[in-house]
Amino acid sequence: MPLIVLFTTCMMCVLFILWRRADALRSVVAHQLKTISTPEGRIRLSVDDGPPAREFIDDDEDAEYDDAHEPLPPPPRLANGH
């Protein structure tokens, strides 16, 4: 008799775990199907009325060129004089 109770309890635990995992999997699949089937779930880019990216790249090239030809500052002096 105790063996039957133990077996029944274990089977109920296994069935409960399988039911919970199936429920979680079902909700994930339902969410993925909802986002795939509707255009609202896709990533949309915002409308940007700012300047094009090329303008920023062109400006940076000039600044980098000017900075590259500046002399380096002298190294810091150590406390022992070396």
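Note that the structure is a prediction, hence the values are computed from the model and not measured.

Asks: Would you mind going over the overall build of the protein with me for this structure?
Replies: For the protein, the count of helices and strands is two helices and zero strands. For the protein, the residues scored as buried account for 0% of the 82 residues in total. For the protein, the accessible surface area stands at approximately 8,500 Å², while carbon and sulfur atoms represent 66% of it.

Asks: How do you make sense of a nonpolar patch on the surface when you look at a structure like this?
Replies: A surface patch of nonpolar side chains, about 390 Å² in accessible area, is lined by Met12, Val14, Leu15 and Leu18. Inspection of the secondary structure assignment puts Met12 in helix α1 (residues 2–37). For Met12, a relative accessible area of 53% translates into the label exposed.

Asks: How should I be thinking about the state of the cysteines in this particular structure?
Replies: Cysteine pairs can be linked by a disulfide, which is a covalent bond between their two sulfur atoms. This structure, assessed with the given rule, holds zero disulfides. Cysteine Cys10 is unpaired, with the sulfur of Cys13 as its nearest cysteine sulfur at 6.4 Å. Assessed through its relative accessible area of 43%, Cys13 is described here as partly exposed.

How each quantity is defined
- Residues numbered from 1 in each chain as written.
- Predicted model: local features only at pLDDT ≥ 70, side-chain atom pairs only at ≥ 80, totals over all residues.
- Heavy atoms only, no water.
- Helix = DSSP H or I, 4+ residues; strand = E, 2+ residues; numbered from the N terminus.
- Buried < 20%, exposed > 50% of the residue type's maximum accessible area, 1.4 Å probe, protein only.
- Areas by Shrake-Rupley, 256 points an atom, 1.4 Å probe, with all protein chains shown as cover.
- Patch = residues over 30% accessible without salt bridge, like charges linked within 9 Å, V, L, I, M, F, W, Y side chains within 5 Å.
- Salt bridge = Lys/Arg side-chain N within 4 Å of Asp/Glu carboxyl O.
- Disulfide = S-S within 2.5 Å.

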